[in-house]
Amino acid sequence: MKYLNKLTISSLFLTLLISMPALFILSNIFVTTPNWTHLVDTVLLGYILNSLYIMVGVAVLTSIMGFTTAYITSFFTFSGSNFFHYALILPFAIPTYIVSYAYGGMFDITGSVTTFILHLLGKNLGEVYFFDIMSIEGAILVMSFVLYPYVYLISKTYLNSESSSIVDASKTMGLTNFQIFYKVIIPISRPAIVAGVILAVMEAVSDFGVMDYYGVSTFVTGIFRTWFGMGSVEDASKLASMLMLFIFVLIFLERYQRKNTRYRSAGKDFKPIKKEKLSGYKNILAFILCFIPFFLGFLLPFSQMSYWFYLSYKSTINDDFLTIFYQTLSLGIGTSILITFLAFVFTYNVRVHKSKLADYITQISKLGYSIPGSVIAVGILSFFLIINKAFDILLVGSIVAVIFGYVVRFLAISINNYESGFAKIPQTYDDACKTMDISTFGTFFRVIFPLIKNSIIVSLIIIFIEVIKELPLTMILRPFNFDTLAVFSHELVGQAQIFESSVPAMFIVILGIISVLILAQKMKN
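None of the values given here were measured: they were computed from a predicted structure.

### Remarks on the overall build of the protein
Here comes step 1: Per the secondary structure count, the protein includes 23 helices and 2 strands.
Here comes step 2: Expected size for 525 residues packed as a compact globule is a radius of gyration near 24 Å; at 24 Å, the protein falls within 12% of this value.
Here comes step 3: The C-alpha extent of the protein, read off along each of the three principal axes, is 80 × 65 × 50 Å.
Here comes step 4: Here the protein holds 525 residues, and 53% of them are scored as buried.
Here comes step 5: In the protein, 83% of the contacts between residues at least 6 apart in sequence involve partners at least 24 apart.
Here comes step 6: Accessible surface, the protein as shown: approximately 24,500 Å² in total, 67% of it carbon and sulfur.
Here comes step 7: Taking the average place of the 35 positive charges on the side chains of the protein and the average place of its 28 negative ones, the gap between the two points comes to 15 Å.

### Considerations on helix α16 (residues 356–365)
Note on helix geometry: an α-helix contains 3.6 residues per turn, so any two residues three or four positions apart are oriented the same way.
Here comes step 1: Residues of α16 that are buried: Ala358, Ile361, Thr362 and Ser365. Along the axis of α16, the buried residues cluster in a sector spanning 95 degrees; they form a single face. Structural note: α16 exposes Lys356 and Tyr360 on the side pointing more than 90 degrees away from its buried face.

### What about the nonpolar core?
Here comes step 1: Core analysis: the largest hydrophobic core is formed by 157 residues, its most contacted members being Tyr103 and Leu477.
Here comes step 2: Here this core gets 15 residues from one element, more than from any other, and that element is helix α7 (residues 136–160).
Here comes step 3: In terms of domain composition, this core takes at least three residues from each of domain 1 (1–28 + 317–524) and domain 2 (31–107 + 134–161 + 191–265 + 274–310).
Here comes step 4: Setting aside its immediate chain neighbours within four residues, tyrosine 103 contacts Asp108, Ile133, Val142, Phe145, Tyr214, Leu296, Leu300 and Pro301.

### Looking at a nonpolar patch on the surface
Here comes step 1: Together, Phe116, Ile117, Leu120 and Leu121 give the surface a local cluster of nonpolar side chains, amounting to about 440 Å² of exposed area.
Here comes step 2: You can see phenylalanine 116 is positioned in helix α6 (residues 112–121).

### Focus: the packing of aromatic side chains
Here comes step 1: One pass over the structure, following the stated rule, counts 34 aromatic pairs.
Here comes step 2: For the ring pair tyrosine 71 and phenylalanine 76, a centre distance of 5.6 Å and an interplane angle of 80 degrees mean the geometry is edge-to-face.
Here comes step 3: Judged by its relative accessible area of 8%, tyrosine 71 is buried.
Here comes step 4: Judged by centre distance (5.7 Å) and plane angle (40 degrees), the ring pair of tyrosine 103 and phenylalanine 145 falls under tilted. Here tyrosine 103 is found in helix α5 (residues 96–107), whereas its partner phenylalanine 145 is found in helix α7, with 42 residues between them in sequence.
Here comes step 5: Counting every residue linked through ring pairs, the aromatic cluster contains Phe78, Phe83, Phe84, Phe287, Phe291, Phe294, Phe295, Phe298 and Phe302.
Here comes step 6: For the cation-ring pair, lysine 238 lies above tryptophan 36, with the distance from its terminal atom to the ring centre recorded as 5.1 Å.

### Overview of the packing of helix α3 (residues 44–75) against helix α9 (residues 177–188)
Here comes step 1: Running from N to C, α3 and α9 cross one another at 115 degrees; their axes reach a closest spacing of 13 Å. Crossing of α3 over α9 shows right-handed handedness. Between α3, through Phe67, Tyr71 and Phe75, and α9, the contact on the second element is made entirely by Asn177, Phe181, Ile185 and Ile186.

### Observations regarding the side chain of serine 336
Here comes step 1: Tracing the backbone through its elements, the reader meets serine 336 in helix α15 (residues 319–353).
Here comes step 2: Given the relative accessible area of 4%, serine 336 is considered buried.
Here comes step 3: From its side chain, serine 336 meets the backbone oxygen of glycine 332 in a polar contact 2.9 Å long.
Here comes step 4: Not counting residues within four places of it along the chain, the set of residues in contact with serine 336 comprises Leu460, Ile463 and Phe464.

### Some points on the domain arrangement of the protein
One frequently used descriptor of interface size is the decrease in accessible area upon assembly of the parts.
Here comes step 1: Domain boundaries in the protein define domain 1 (1–28 + 317–524) and domain 2 (31–107 + 134–161 + 191–265 + 274–310).
Here comes step 2: Measuring from the centre of the C-alpha atoms in domain 1 to the corresponding centre in domain 2 gives 22 Å.
Here comes step 3: For the pair domain 1 and domain 2, the summed buried area comes to about 4,000 Å², and 78% of that belongs to carbon and sulfur atoms.
Here comes step 4: Counting the contacts that link domain 1 with domain 2 gives 0 salt bridges.
Here comes step 5: Summed over the shared surface of domain 1 and domain 2, the result is 4 residue pairs in polar contact (both at pLDDT 80 or more).
Here comes step 6: When contributions to the side of domain 1 that touches domain 2 are tallied by element, the ones reaching two or more residues are α1 (2–27), α17 (373–391), α21 (472–477), α22 (485–494) and α23 (498–524).
Here comes step 7: Here the side of domain 1 that touches domain 2 gets 18 residues from one element, more than from any other, and that element is α23.
Here comes step 8: Split by residue class, the side of domain 1 that touches domain 2 holds 29 nonpolar, 11 polar and 2 charged.

### Some thoughts on the pattern of salt bridges
Here comes step 1: Scanning the entire structure with this criterion turns up 3 salt bridges.
Here comes step 2: Ionic pairing is found between aspartate 483 and arginine 478, a salt bridge with its closest N-O pair at 2.4 Å.
Here comes step 3: Classification of aspartate 483 by relative accessible area gives buried; the value is 14%.
Here comes step 4: Across the pair glutamate 491 and arginine 478 runs a salt bridge, and its minimum N-O distance is 3.1 Å. Of this pair, glutamate 491 sits in helix α22 while arginine 478 sits in the loop between α21 and α22, placing them 13 residues apart in sequence.
Here comes step 5: Residue glutamate 491 is classed as partly exposed on the basis of its relative accessible area, which comes to 26%.
Here comes step 6: A single salt-bridge network, built from bridges that share partners, covers Arg478, Asp483 and Glu491.

Calculation criteria
- Residues numbered from 1 in each chain as written.
- Predicted model: local features only at pLDDT ≥ 70, side-chain atom pairs only at ≥ 80, totals over all residues.
- Heavy atoms only, no water.
- Helix = DSSP H or I, 4+ residues; strand = E, 2+ residues; numbered from the N terminus.
- Rg over C-alpha atoms; globule rule 2.2 N^0.38 Å.
- Buried < 20%, exposed > 50% of the residue type's maximum accessible area, 1.4 Å probe, protein only.
- Contact = heavy atoms within 4.5 Å.
- Areas by Shrake-Rupley, 256 points an atom, 1.4 Å probe, with all protein chains shown as cover.
- Lys, Arg positive; Asp, Glu negative; His and termini not counted.
- Charge placed at Lys NZ, Arg CZ, Asp CG, Glu CD.
- Arc of directions from axis to C-beta.
- Core = buried A, V, L, I, M, F, W, Y, C linked by side-chain atoms within 4.5 Å.
- Domains from an automatic or database assignment.
- Patch = residues over 30% accessible without salt bridge, like charges linked within 9 Å, V, L, I, M, F, W, Y side chains within 5 Å.
- Salt bridge = Lys/Arg side-chain N within 4 Å of Asp/Glu carboxyl O.
- Phe/Tyr/Trp six-rings, centres within 6.5 Å; stacked < 30°, edge-to-face > 60°.
- Lys NZ or Arg CZ within 6 Å of the ring centre and 35° of its normal.
- Axes fitted to C-alpha atoms, helices over the stretch in contact; angles between N-to-C directions.
- Left-handed = near helix turned anticlockwise from the far one by under 90°.
- Polar contact = N/O pair within 3.5 Å; in protein donor to acceptor, adjacent residues only side chain to side chain.
- Buried area = accessible area lost by both parts, 1.4 Å probe.
- Nonpolar A, V, L, I, M, F, W, Y, C, P; charged D, E, K, R; others polar.

Here it is as structure tokens:
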């Protein structure tokens, strides 16, 4: 019993600690500063309108690409359908800011593709219509190419759990496949589509790398400019608090619509969907519709990055690069172990204690993943400045601050993995161990651990990948002269060394591909 109390107390302490950055951010929302009036008069409206424009654009494009591909791969077999089961998830493997570098290098005014087409046509730029990829519309396109898998994954999971009886009933009424798609499948899939779109929109509105590279002013880039340009923690915190409240509204809307809508067919009449084999032009059309998102979201930027990597790896990989690579690996491995352990404390406490308090504590600790990395970073800076003044302990600009930021941001991922793993283990196993006088520790190591081992491994891998991809949080909190692969790649782009930036980016991408393929395999099983 004492052990259980210790688990609850430990979880409560960790939750309070993790919540501090968000509480410090929210405490600044009503603070008035001399610079705030200037921000309101000059840039705030632009931040709001640009953020809303990006949200609408990303929502429309990701819903079209994500749901169309999910429907095709769930209801039909065609040439390459097994390949697209994995391939359509691969854009997840490349961070959005890296894809934006590739597209910028290909399609901006001096880009390789732009130059090639102009040379082929024998014209100069002023004689043809030119779409500027380095614009807010370009940012929306790039974000949508990378983020549509959110809609794809959630919609595909939903459709796979839907009974074929709905489709069979529609066919008996004489509806064609296309009529079934827009009269039946789209309406019943609305909750899944909305859930995926909201996740994509949250990622887009909290992005820093793409918006900074394309010169688009949003809340996140405004936080950086206010913090680094004006040196105002209070104003940066105020912007961050507004963004955080905005994100919380999106979360509320997503959970509200999910709560009030049925997600799957169930019961004894459930029959899995029997896929229809396509042939002729329908087979070609299905292949093209799935290939386009895969090509735009993964194959094209990955090919460009690979070419740049080939041109520049010899001049970029040196002792300094290896130091950065070692720092990134150390940070990723150490943080993934720490977060996986902390997540275990939360979830195992819920399992053995079975109290509402333990469950509430765990759910609160997961909110950090919904807060943008830049917002968390500003909150941690405010929190650590207070600690510095009160106890004379310098944590700002230390590796402790970076790791703490990762814990706040990514703890939810590990907890979700554990919850999924524990849900598959019947509670009767624990009860049986108690009847045999096996201690809590003994129950875990002899019964629970072998069954939850895969969840632990997946947690370690996913956290590792998230850490090495994270950019804004690392940029704000890192110690002086401490770079990661993501920060190094972004700095090279800022120095117009776009070819060289592909080298650290490729290391991130390859590790990301491994992670995504593991996820796809788990999903298929």
